[in-house]
Amino acid sequence: MGTKHHSSDLVSDNKKRRRAAFSKIDTGIEANECIKIYLVSSKDEVDSQNSFRIEPVDLNHFFEDEGKIYGYQGLKITVWLSSVSFHAYADISFESTSDGGKGITDLKTSLQNIFAENIVDGKDDFLQTFSTEQHYVKSLVSNSEGLREDTNNGCSGNSDRQLEEEPAHTEVFRVTGTGVGMLYSRLVPLVLLLVDGSNPIDVIDPRWEIYILVQKGQEDGCTRLLGFAAVYRFHKYPDTMRLRLGQILIIPPYQRKGYGARLLKTLNGIAISDNVYDLTIEEPVDSLQHVRTCIDVQRLLAFEPIHEALSPAVSQLKHENLSKKSQPHQCEPPANIVEDVRKSLKINQRQFLQCWEILIYLSLDPIDKYLDNYVTIVSNRVKADVMGKEAEGAGKRLVDIPSQFDQDMSFAMFKCAGDESNGIEKEEDQGNVEEQLRQLVDERMEQIKAVAEKVSARRS
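All values reported here derive from a predicted model rather than from experimental measurement.

**Section: a nonpolar patch on the surface**
Part 1 of the argument: A grouping of Val-386, Met-387 and Leu-440 is seen on the molecular surface, where their side chains present a nonpolar patch of about 240 Å² in accessible area.
Part 2 of the argument: Tracing the backbone through its elements, the reader meets Val-386 in helix H14 (residues 371-387).

So, in structure tokens, the structure goes:
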């Protein structure tokens, strides 16, 4: 016989049942999504939405666990960075914290990975730095070596007219010795935030020098730091030195105003006056390489020996059809002019070869008439750079050979020249290689045209 249950008994049974609850999984928030950084030059700009916002390269890599911040709800971090003293203050706000299985991120430690000792704990202390550190850059300048502006840059002829006009009221100073470490410790957060893939320089090494570009005559009486360059001076056997530009940065509000070019021209002048072997740049980004090449092409146009060296190459492009030649042709400069340019202008060989292509482009007038020949020499040079010297004439092909052994380990290599390669089966990805080469040539042509247009505008 069944048992009858009253409704009150059912309610009691339901209350006794245990309910399983699952805590919400903390997926974290990316640092780039919750952190904003502003560059301010006075205490009045702090907390102002009109302040200059810095767009960092990437903040995520400063935080562990794949660049995410855990344990916070409604997190907002606003960092104010002083352009006067380069101290920083972080305003952190959030709704609540809880450990969702990933712990709670230590924000202070993470921010110190970027700003180190430059970060100030209290907001009032940070605001006071605008008065206590008002003359930081000015005092820095007073203890540094001022550099005379040299617009000639080792060129003969009417070079002043061809070079860009210099930004007004700017001066460059060289910081060496113990001053390098003291200055760089304040500037390194900007390097980490704005220079992709950058690592701090070894300030203990005395061969590092920092060149600072400053602007005087401000309404508030301050001397502004507009940008800097970190340069390494190392030995070149047997008895000379080389200069290598390791880092260069113009503070964001002052970018695209000619200040980067101003610094580069100063470094060119130093390389010439110190009679170093040459000046190189470590892995320049595209924008820096563009400015550098514009400057060097203008310098070369004012270098008298270059025009005589250009004549044979330009004449050949005007009077021959290079596409019908059996061997690739690149119109390389004579060895003696490569050496003369290095000795006189301190332009290294690799950089000069890029400038040489642009000099030829500028000399072919009208360029449209000779464009096919010109693209041919650019294509030959790009192909040689990518595929090596074998691509210039002789080629190597791998051909699979049927075998009773491991098929992946059975092949033959043929070296062929000229038309002999036509009888050998091409690699499966040969079409992809040719397409990639075409893309590289197109990119190079765009770079050449951009520099040529800017240089031509300056000359007119």
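**Comments concerning empty space enclosed by the protein**
Part 1 of the argument: Considering all chains together, one arrives at 2 cavities of 30 Å³ or more under this definition.
Part 2 of the argument: Together, Leu-264, Asn-268, Leu-279, Ile-281, Arg-292, Ile-295, Asp-296, Arg-299, Lys-346, Ile-347, Asn-348 and Gln-351 line the largest cavity.
Part 3 of the argument: In terms of residue count, helix H10 (residues 286-301) provides more of the lining of the largest cavity than any other element does, 4 residues in total.
Part 4 of the argument: A per-class count over the lining of the largest cavity returns 5 nonpolar, 3 polar and 4 charged.

**Details of the nonpolar core**
In globular proteins that are soluble, nonpolar side chains generally tend to be buried together.
Part 1 of the argument: Core analysis: the largest hydrophobic core is formed by 75 residues, its most contacted members being Ile-35, Phe-115 and Ile-212.
Part 2 of the argument: Among the elements that make up this core, the one with the highest residue count is helix H8 (residues 178-194) (10 residues).
Part 3 of the argument: Leu-301, Phe-303, Ile-360 and Tyr-374 belong to the second largest nonpolar core, which has 38 residues in total.

**Comments concerning the side chain of Glu-133**
Part 1 of the argument: With respect to the helices and strands, Glu-133 occurs in the loop between helix H5 (123-132) and helix H6 (136-142).
Part 2 of the argument: Apart from the residues within four sequence positions on either side, Glu-133 is in contact with Val-84, Ser-85, His-87 and Arg-186.

**Remarks on the packing of helix H13 (residues 349-363) against H14**
Part 1 of the argument: Between H13 and H14, the least distance of the axes is 11 Å, while the angle of their chain directions is 175 degrees. Relative to H14, H13 is oriented roughly antiparallel. Together, Glu-357, Ile-358, Ile-360 and Tyr-361 of H13 and Tyr-374, Ile-377, Val-378 and Arg-381 of H14 make up the contact between the two elements.
Part 2 of the argument: Residue composition of the contact of H13 with H14, grouped by class: 6 nonpolar, no polar and 2 charged.

**Concerning the confidence of the model for the chain**
For any part of a model where pLDDT is low, the fine detail of the predicted coordinates should not be relied upon.
Part 1 of the argument: Here the chain shows a mean pLDDT of 84. Residues at 70 or above account for 78%.
Part 2 of the argument: The low-confidence segment residues 389-394 (pLDDT under 50) makes 16 contacts with residues lying over four places distant or belonging to another chain.

**Let's talk about the sheet that holds strand E11 (residues 208-215)**
Working definition: the strands of a sheet are paired by backbone hydrogen bonds and lie parallel or antiparallel to each other.
Part 1 of the argument: Taking strand neighbours across the sheet as the criterion, the 6 strands line up as E9-E10-E11-E12-E13-E14 in an open arrangement whose pairing is mixed. Every other strand in the sheet has two partners, leaving strand E9 (145-147) and strand E14 (279-281) as the edge strands with one partner each. On average, each strand axis in the sheet is inclined to that of its neighbour by 30 degrees, with strand direction left out of account.
Part 2 of the argument: The sheet contact formed by strand E13 (residues 240-250) and E14 spans 3 bridges and is parallel. Paired with Leu-243 across the two strands is Leu-279, which belongs to E14.
Part 3 of the argument: Along the sheet, H8 contacts strand E10 (170-175), E11, strand E12 (224-236) and E13; its crossing angle with E11, the most-contacted strand, is approximately 75 degrees.
Part 4 of the argument: Against the sheet, helix H9 (residues 259-273) makes contact with E9, E10, E11, E12, E13 and E14, and its axis sits at roughly 170 degrees relative to E13, the strand it touches most.

**What about the environment of Val-203?**
Part 1 of the argument: Relative to the helices and strands, Val-203 resides in the loop between H8 and E11.
Part 2 of the argument: The spacing of Val-203 and Gly-179 is 24 residues in sequence and 9.3 Å in space, taken between C-alpha atoms.
Part 3 of the argument: When neighbours within four sequence positions are excluded, Val-203 is seen to be in contact with Val-180, Gly-181 and Tyr-184.

**Section: a negative patch on the surface**
Part 1 of the argument: Taken together, Asp-286, Asp-442, Glu-443, Glu-446 and Glu-453 make up a surface patch of like negative charges.
Part 2 of the argument: Counting residues per element, the negative patch draws most heavily on helix H15 (residues 430-459), at 4 residues.
Part 3 of the argument: Residue position: Glu-443 is located in helix H15.

So, how was this worked out
- Residues numbered from 1 in each chain as written.
- Predicted model: local features only at pLDDT ≥ 70, side-chain atom pairs only at ≥ 80, totals over all residues.
- Heavy atoms only, no water.
- Patch = residues over 30% accessible without salt bridge, like charges linked within 9 Å, V, L, I, M, F, W, Y side chains within 5 Å.
- Areas by Shrake-Rupley, 256 points an atom, 1.4 Å probe, with all protein chains shown as cover.
- Salt bridge = Lys/Arg side-chain N within 4 Å of Asp/Glu carboxyl O.
- Helix = DSSP H or I, 4+ residues; strand = E, 2+ residues; numbered from the N terminus.
- 1 Å grid on protein atoms, 1.4 Å probe; cavity = no way out; pocket = protein on both sides within 12 Å on 5 of 7 lines; lining within 4 Å.
- Points joined across faces, edges and corners; volume = space filled by probe spheres on them.
- Nonpolar A, V, L, I, M, F, W, Y, C, P; charged D, E, K, R; others polar.
- Core = buried A, V, L, I, M, F, W, Y, C linked by side-chain atoms within 4.5 Å.
- Buried < 20%, exposed > 50% of the residue type's maximum accessible area, 1.4 Å probe, protein only.
- Contact = heavy atoms within 4.5 Å.
- Axes fitted to C-alpha atoms, helices over the stretch in contact; angles between N-to-C directions.
- Parallel < 35°, antiparallel > 145°, perpendicular 65-115°, else oblique.
- pLDDT = per-residue confidence, 0-100.
- Pairing = 2+ DSSP bridges.
- Lys, Arg positive; Asp, Glu negative; His and termini not counted.
- Charge placed at Lys NZ, Arg CZ, Asp CG, Glu CD.

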